[in-house]
Amino acid sequence: MSQWLAQVIERAGNVDDWLASARSKALAELKQKEWPGRRTEAWRYTSLHKVADLNLATTSEATTAEAPQVEGLNSIDLVFVDGHLVSDIANLTLPEGVTIASLDAKSDAAESVFGQVKPQHHLFGLVNDVLAQHGVVIDIAPNANVEQPIRIVNFASDGVESHQRSLVRVGEGAKAVIIEHGVGNGHSLNTAFAEYDIADKAALEHYRLALHEGEAIHVGGSHFRLHNESKLNSTLVGYGSQLTRLDVDIEHAGEHAFAKFNNIYLLAPKEHFDLHSTIEHAQPNGTTEENARGIIGDKAKAVFNGRIHIHRHAQKTLAELNNRNLLLTRGAQINTKPELEIYADDVQCAHGATVAEIDEEALYYMLTRGIDKQQALVMLNFGFVQELLFQMPNRALADWLQPILKQRFERMMEQQ
Amino acid sequence: MLSIKDLHARVEETTILKGLDLDIKPGEVHAIMGPNGAGKSTLGYVLSGREGYEVESGSVSLEDKDLLDMEVEERAQAGLFLAFQYPVEIPGVSNMEFMKESVNAMREARGEDALSSAEFLKKAKEACKQVELPLDFLKRGVNEGFSGGEKKRNEIMQMIMLEPKLAILDESDSGLDVDALQVVAKGVNSQRDGKRSFIVVTHYQRLLDYIEPDYVHILSNGKIVKSGGPELAKEVEKSGYAWLKEGEVA
């Protein structure tokens with residue numbers, strides 16, 4: 001056990017709210033956990049030694065923050081600073097069918113989602129279970145068609161440890177767009193976990209932007225349960241920061257569900273990014289398309305572990321998982337492991353992982369149009385991740401991200 | 001404009017061009033016809049400087065500059081344009097950024113200022129209209145998910161935007177129906193201004209009904225074996241290329 005985790009357990013004893021029974025279960029599990037080391041499979045390539053002795057402030061002075069403005073997004077913003085909700089959610093003008101509440105208040109939606117979608121094996125998920133006192137509960141009524149995006153913004157201030165939770169229920173036949181937007185560059189630890197229950201025939205468009213930089217440590221997860229004929233279209237965009245670790249779980253709990261999951265990671269020199277995704281096909285006739293693309297700068301390290309688990313009963317599953325990486329220097333590192341575990345016999349699955357090289361034919365084509373080789377390489381390399389940006393359904397968000405990512409990439413090229 | 005003298009070139013161990021001579025004056029349109037495997041596409045690749053296409057001997061000059069001494073992008077900047085038979089898909093790069101980068105690279109080479117976004121967009125819209133491509137196509141990835149006909153029209157659109165001195169059209173007619181063929185031909189003809197020269201590489205005479213050449217050359221086994229006027233293309237249409245094998249080459 002690390003000193004930090006011992007402290008977490010101690011602090012958990014002081015949390016007393018309406019979620020007490022769920023929290024105490026999580027605490028019991030947490031107490032059984034061993035602190036992950038090199039031999040812990042889920043943390044094999046990501047060392048937690050920077051967290052083990054962490055001793056940051058657990059309260060924050062900050063009370064306001066400006067959410068990054070995204071032109072044309074027109075989102076409903078729920079802003080958290082160091083785990084505290086600073087938006088006045090009581091006075092929001094909400095579209096029909098949307099209910100937004102604080103986690104402090106007991107609600108049916110919160111009760112039905114908290115700890116119910118997220119698997120209990122995630123160590124930091126359990127930490128979040130016992131410590132995240134603040135959060136939001138978003139409830140989309142059946143058949144509501146909510147086009148206006150709802151954005152959860154998480155700021156992590158220098159010197160502070162914080163924990164935030166989001167619980168989302170998308171009712172039967174409803175449609176919603178939710179963005180989790182994390183930022184912070186000071187020395188901080190932020191955990192942010194979100195659980196989504198997507199009812200029959202519902203559709204969720206989801207984005208997770210983990211744009212932490214510098215000394216920030218961010219550990220979080222987005223966890224989805226898909227019921228019959230529901231749809232998920234999710235895009236995750238991550239930087240590395242000192243340490244960024246994300247766990248994504250998508251469970252096909254109903255038949256004929258569809259999940260598209262794209263992820264982009266863009267690692268500046270010395271950053272560390274770790275993404276573990278698990279897709280559980282527990283029911284027949286589900287479809288999953290997962291594409292992960294990363295560009296890794298000098299001395300940066302990326303870890304991608306993508307697991308697709310097709311249960312014995314899950315016949316006629318279609319699942320594809322592809323991970324491609326571009327290493328900018330010899331000092332850049334990727335540890336990639338796509339895993340297919342198939343127990344059904346009538347399925348179509350494909351998986352692959354590559355460390356990419358430049359497409360010579362595309363390069364030649366660009367040169368014949370008079371574009372300088374250096375510039376053509378920048379365009380092709382960035383194009384490699386930009387391809388997934390083009391697939392984002394929300395154009396305003398994609399148009400906002402594009403120049404930010406491009407600039408980050410250009411700086412990465414300069415720092416080679 | 002373009003002068004090719006006794007050009008020999010190979011791909012890996014196989015020599016494909018075996019002493020090709022061609023002289024093109026400003027404003028002229030030369031059609032190169034020939035059977036499959038004659039070296040028609042190789043000519044375009046060699047002139048554009050594609051890696052793996054090695055010149056063994058001979059010379060090529062574009063406006064009295066040694067073309068073979070230039071890098072691929074320098075040849076393009078010097079005014080050479082190759083419309084690909086199979087245009088490449090680049091899904092992560094939008095047509096918009098691709099063309100903007102390309103147009104401005106050419107302008108810089110000519111000593112002109114870069115176009116502003118508004119100026120570029122205006123020009124791009126006009127070019128799209130000319131080849132009947134929808135405007136939203138500018139936002140899509142380069143050639144991504146385009147039909148064969150759209151890809152060919154995109155090549156012509158690029159040619160219109162880049163204003164080359166010499167354009168090589170490599171089987172721009174292949175895979176096109178008559179309507180698409182006319183659009184491509186119209187785009188090409190709009191660029192015939194008496195100064196710009198063209199090499200139209202084609203297997204069939206059909207395209208030459210719409211783009212009328214000044215000269216027609218028959219390429220066989222790496223050499224031009226017969227040259228003539230537009231009537232030569234009609235002859236090929238009638239009798240095919242079988243006569244080449246029978247040794248009836250004049």
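Looking at an unreviewed UniProt entry, one finds chain B named Cysteine desulfurase, with Idiomarina zobellii as its source organism.

As annotated in an unreviewed UniProt entry, chain A carries the name Cysteine desulfurase and is attributed to Idiomarina zobellii.

For this particular structure, what's the right way to read the side chain of S172 of chain B?
Along the chain, S172 of chain B turns up in the loop between β9 (166–170) and α6 (178–190). S172 of chain B has contacts with A83, K152, V184 and V201 of chain B, leaving out every residue within four places of it along the chain.

Looking at this model, I keep getting lost on the packing of aromatic side chains. Mind explaining?
Between two aromatic rings, the relevant description is the distance of the centres plus the angle of the planes. Counting across every chain of the model gives 13 aromatic pairs over all chains. Seen from their ring centres, Y365 of chain A and F84 of chain B are 4.9 Å apart, and the 85 degrees between their planes marks the pair as edge-to-face. Taken together, the positions of Y365 of chain A in helix α6 (residues 360–367) and F84 of chain B in the loop between β6 (80–83) and β7 (90–94) put the pair across two chains. Of the residues examined, Y365 of chain A reaches a relative accessible area of 0% and is grouped as buried. F84 of chain B sits in the buried class, given a relative accessible area of 3%. The structure contains a cluster of three or more aromatic residues connected by ring pairs, namely Y364 and Y365 of chain A together with Y45, Y53, F84 and F98 of chain B. For the cation-ring pair, R408 of chain A lies above Y239 of chain A, with the distance from its terminal atom to the ring centre recorded as 3.6 Å. A cation over an aromatic ring shows up here: R50 of chain B above the ring of Y45 of chain B, its NZ or CZ 4.7 Å from the ring centre.

What is the right way to read the sheet that holds strand β4 (residues 53–62) of chain B from this model?
Sheet strands associate in pairs through backbone hydrogen bonding, adopting either a parallel or an antiparallel arrangement. Residues and elements named next belong to chain B. The strand order β2-β1-β4-β5 describes an open sheet built from four strands, whose pairing is antiparallel. Strand pairing shows two members of the sheet lacking a second neighbour, β2 (14–24) and β5 (65–66), which therefore form its edges. As paired strands, strand β1 (residues 2–11) and β2 are joined by eight bridges and run antiparallel to one another. Within the sheet, the bridge partner assigned to L2 lies in β2 and is I24. Packed on one face of the sheet, helix α1 (residues 40–48) meets β1, β2 and β4 and runs near 105 degrees to β1.

Teacher, can you tell me more about helix α7 (residues 373–390) of chain A here?
Every α-helix carries 3.6 residues per turn, so stepping three or four residues along brings you back to the same face. Between its first and last C-alpha atoms α7 of chain A spans 24 Å; for 18 residues at 1.5 Å apiece the expected length is 26 Å, and the two agree. Most of α7 of chain A sits inside the fold, with 13 of its 18 residues counted as buried.

What's the story with the sheet that holds strand β11 (residues 215–220) of chain B in this structure? I'm lost.
Residues and elements named next belong to chain B. In spatial order, the strands read β6-β9-β10-β3-β11-β12; together these six strands make up an open sheet with mixed pairing. Two strands lie at the open edges of the sheet, namely β6 and β12 (223–228), each paired on one side alone. This sheet shows a mean twist of 20 degrees between the axes of neighbouring strands, independent of strand direction. Relative to strand β10 (residues 197–202), β9 runs parallel, the two being bridged by five bridges. Directly across from L166, in β10, lies its bridge partner S197.

Even after reading the chapter, I still don't get the interface of chain A and chain B, so can you show me in this structure?
Counting residues at the interface gives 21 residues for chain A and 31 residues for chain B. At the boundary of chain A with chain B, total buried surface from both sides reaches about 2200 Å², with 62% on carbon and sulfur atoms. When residues of chain A are sorted by the area they lose upon contact with chain B, Y364, Y365 and R369 of chain A head the list and together hold 37% of the total. R369 of chain A is the salt-bridge partner of E155 of chain B, the closest N and O atoms lying 2.7 Å from each other. The interface formed by chain A and chain B includes twelve residue pairs in polar contact (both at pLDDT 80 or more). Secondary-structure elements contributing two or more residues to the side of chain A that touches chain B are α6, α7 and α8 (395–414) of chain A. No other element matches α7 of chain A, which puts eight residues into the side of chain A that touches chain B. The residue inventory of the side of chain A that touches chain B, partitioned by class, reads nine nonpolar, six polar and six charged.

Cut-offs applied
- Residues numbered from 1 in each chain as written.
- Chains lettered and ligands numbered in written order.
- Predicted model: local features only at pLDDT ≥ 70, side-chain atom pairs only at ≥ 80, totals over all residues.
- Heavy atoms only, no water.
- Helix = DSSP H or I, 4+ residues; strand = E, 2+ residues; numbered from the N terminus.
- Contact = heavy atoms within 4.5 Å.
- Phe/Tyr/Trp six-rings, centres within 6.5 Å; stacked < 30°, edge-to-face > 60°.
- Buried < 20%, exposed > 50% of the residue type's maximum accessible area, 1.4 Å probe, protein only.
- Lys NZ or Arg CZ within 6 Å of the ring centre and 35° of its normal.
- Pairing = 2+ DSSP bridges.
- Axes fitted to C-alpha atoms, helices over the stretch in contact; angles between N-to-C directions.
- Expected span 1.5 Å × (residues − 1).
- Buried area = accessible area lost by both parts, 1.4 Å probe.
- Salt bridge = Lys/Arg side-chain N within 4 Å of Asp/Glu carboxyl O.
- Polar contact = N/O pair within 3.5 Å; in protein donor to acceptor, adjacent residues only side chain to side chain.
- Nonpolar A, V, L, I, M, F, W, Y, C, P; charged D, E, K, R; others polar.

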